[in-house]
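# A closer look at the structure
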Amino acid sequence: MSAVAQLAGVGVRRGSTQILTDVDWEVDEGQRWVMVGPNGAGKTTLLQILAAQMHPTEGLVEILDEIIGAVDVFELRPRIGVASSALAHRIPPHEAVRDVVVSAAWAVVGRWRESYDPMDVQRAAELIARMGLAGLEDRTYGTLSEGERKRVEIARALMTDPELLLLDEPAAGLDLAGREQLVSVLSGICTDPDAPATVLVTHHLEEIPLGVTHALVLDEGHIVAAGPVDRVLTSPILSQAFGLPLEVTSHNGRWSAQASGKVL
Ligand SMILES: Nc1ncnc2c1ncn2[C@@H]1O[C@H](COP(=O)(O)OP(=O)(O)OP(=O)(O)O)[C@@H](O)[C@H]1O
């Protein structure tokens, strides 16, 4: 199995804040990772490193066989699909759903005068349908529900047929039905052998889709544990990371966690 991303001794410092420390991590082809950890643990920062959107202060980062610092990141980034709230904030509310998705082919947000190959247009339509959004192609992004927007963002992330898919808190802010629809879509991706290597950041174990193979737990910029999901998402490891006695359970591939003692 070949490595899609390799990080060795990675640190990120901003001013006097050490955000990530000594991160060693490898993501291989076919793996589906979930990254969990308390607020401020450094999850988004680590995802930005994987997205080639941030250079580390220390250490070596190799993404898709390219060494960060020695590659033109503008050539590398189209090979990486990203869905994040930072990107979502840049999508114009008046943009039609089909254009939000197809414009990823030119790596632009907000369609202008670019022309698109009929194959791009067809791929965008297929992805929109695959995300359960058929019929909404002409709707503007700003009129969609939060759950529909998240699925449009994932369709956009998949538009360039990326080799690495990064999803930062895709279920944040969704109601129960929206979360379950999203988990169903993500489960489809994570169980698809042809899907790209995937890293998904989440705050809640209930949002972990079927098919996740590996987990990384981050706390205060350090890796607490990383490896096969069953060995990492355990009560002792998550209790340590969150500083709270937690009981972690899994049932039919879905996960949940709750406090196992007095919280306050
Ligand atoms: N440019 C910056 N300068 C200083 N500190 C920063 C900067 N960017 C992030 N941080 C700090 O780094 C820490 C990690 O931030 P990050 O957003 O990566 O964490 P996170 O695990 O994604 O958090 P959350 O779960 O709350 O989204 C936070 O304490 C944040 O305030």
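Residues numbered from 1 in each chain as written. Predicted model: local features only at pLDDT ≥ 70, side-chain atom pairs only at ≥ 80, totals over all residues. Heavy atoms only, no water.

Looking at an unreviewed UniProt entry, one finds the protein chain named Putative ABC transporter ATP-binding protein YlmA and attributed to Acidipropionibacterium virtanenii.

### With respect to the nonpolar core
Soluble globular proteins tend to pack their nonpolar side chains together in the buried interior. Of all hydrophobic cores here, the largest spans 51 residues; its most connected members are Val34, Met131, Val152, Ile154, Ile189, Leu233 and Leu238. With residues up to four places along the chain from it excluded, the contact list for Ile189 reads Arg32, Arg130, Met131, Ile154, Leu158, Leu165, Ala195 and Thr198. Formed by 34 residues, the second largest nonpolar core is a distinct cluster that contains Met35, Ala41, Leu46 and Ile80. (Core = buried A, V, L, I, M, F, W, Y, C linked by side-chain atoms within 4.5 Å. Buried < 20%, exposed > 50% of the residue type's maximum accessible area, 1.4 Å probe, protein only. Contact = heavy atoms within 4.5 Å.)

### As for the environment of Tyr116
Residue placement: Tyr116 occurs in the loop between α4 (97-102) and α5 (118-130). Overall, Tyr116 belongs to the buried group, its relative accessible area being 11%. Tyr116 sits 106 residues away from Val10 along the chain, and the two C-alpha atoms are 39 Å apart. Sequence-distant contacts of Tyr116, defined by excluding residues within four places in its chain, comprise Val102, Ser103, Ala105, Trp106, Val108, Arg111 and Val121. (Helix = DSSP H or I, 4+ residues; strand = E, 2+ residues; numbered from the N terminus.)

### Re the sheet that holds strand β7 (residues 164-168)
The sheet built from six strands is open, its strands ordered β6-β7-β8-β3-β9-β10 with mixed pairing. On the outer flanks of this sheet lie β6 (80-83) and β10 (222-228), each paired with one strand and no other. When strand polarity is set aside, the average angle formed by the axes of neighbouring strands in this sheet is 15°. Sheet topology note: the strand β3 (residues 32-36)/strand β8 (residues 197-201) ladder contains four bridges and is parallel. (Pairing = 2+ DSSP bridges. Axes fitted to C-alpha atoms, helices over the stretch in contact; angles between N-to-C directions.)

### Description of helix α9 (residues 235-242)
Of all the positions in α9, only Ile237, Leu238, Ser239 and Ala241 are classed as buried. Considering only its buried residues, α9 is in contact with β3, β9 (214-219), β10, α8 (229-232) and β11 (246-251). Count one or two residues on from α9 and you reach Gly243, which has phi positive near 65°.

### Concerning the sheet that holds strand β5 (residues 66-67)
Across the sheet, which stays open at both edges, the four strands sit in the order β2-β1-β4-β5 with antiparallel pairing between neighbours. In this open sheet, the two strands that pair with only one neighbour each are β2 (17-28) and β5. Here strand β1 (residues 3-14) runs beside β2; their pairing, made up of eight bridges, is antiparallel. Its bridge partner lying in β2, Val12 is registered against Leu20.

### Topic: the pattern of salt bridges
This structure, assessed with the given rule, holds six salt bridges. Here Glu180 makes a salt bridge to Arg254, at a shortest N to O gap of 2.9 Å. Note that Glu180 is positioned in helix α7 (residues 176-190) and Arg254 in strand β12 (residues 254-259), a separation of 74 residues in sequence. When salt bridges with common partners are traced through the structure, they connect Arg179, Glu180 and Arg254 into a single cluster. (Salt bridge = Lys/Arg side-chain N within 4 Å of Asp/Glu carboxyl O.)

### Quick word on the side chain of Lys43
With respect to the helices, strands and loops of the structure, Lys43 is situated in helix α1 (residues 43-50). One polar contact links the side chain of Lys43 to the main-chain carbonyl oxygen of Pro38, over a distance of 2.9 Å. Setting aside chain neighbours within four positions, we find Lys43 in contact with Met35, Val36, Gly37, Pro38, Val201, His203 and Leu218. (Polar contact = N/O pair within 3.5 Å; in protein donor to acceptor, adjacent residues only side chain to side chain.)

### Observations regarding the site of the ligand
All residues adjacent to the ligand are Arg14, Ile19, Pro38, Asn39, Gly40, Ala41, Gly42, Lys43, Thr44, Thr45, Glu169 and His203. Interatomic distance of 3.1 Å between a backbone N/O atom of Ala41 and an oxygen atom of the ligand. Side-chain polar atom of Lys43 to an oxygen atom of the ligand: 2.7 Å apart, as the coordinates give it. Here the ligand loses 58% of its free accessible area of 640 Å² to cover by the protein chains. (Near = heavy atom within 4 Å. Areas by Shrake-Rupley, 256 points an atom, 1.4 Å probe, with all protein chains shown as cover.)

### Topic: the environment of Leu76
Looking at where Leu76 falls in the secondary structure, it is placed in helix α2 (residues 73-76). Sequence separation of Leu76 and Glu169 is 93 residues, and the distance between their C-alpha atoms is 23 Å. Those residues in contact with Leu76 that sit more than four places away from it in its chain are Ala52, Ile63, Leu64, Glu66, Ile68 and Val71.

### Observations concerning unusual backbone geometry
A positive phi angle, near 50°, is found at Leu64, a position not held by glycine. Relative to the helices and strands, Leu64 resides in the loop between β4 (58-63) and β5. Its identity is not glycine, yet Asn252 carries a phi of approximately 50°, on the positive side. Among the secondary structure elements, Asn252 is positioned in the loop between β11 and β12.

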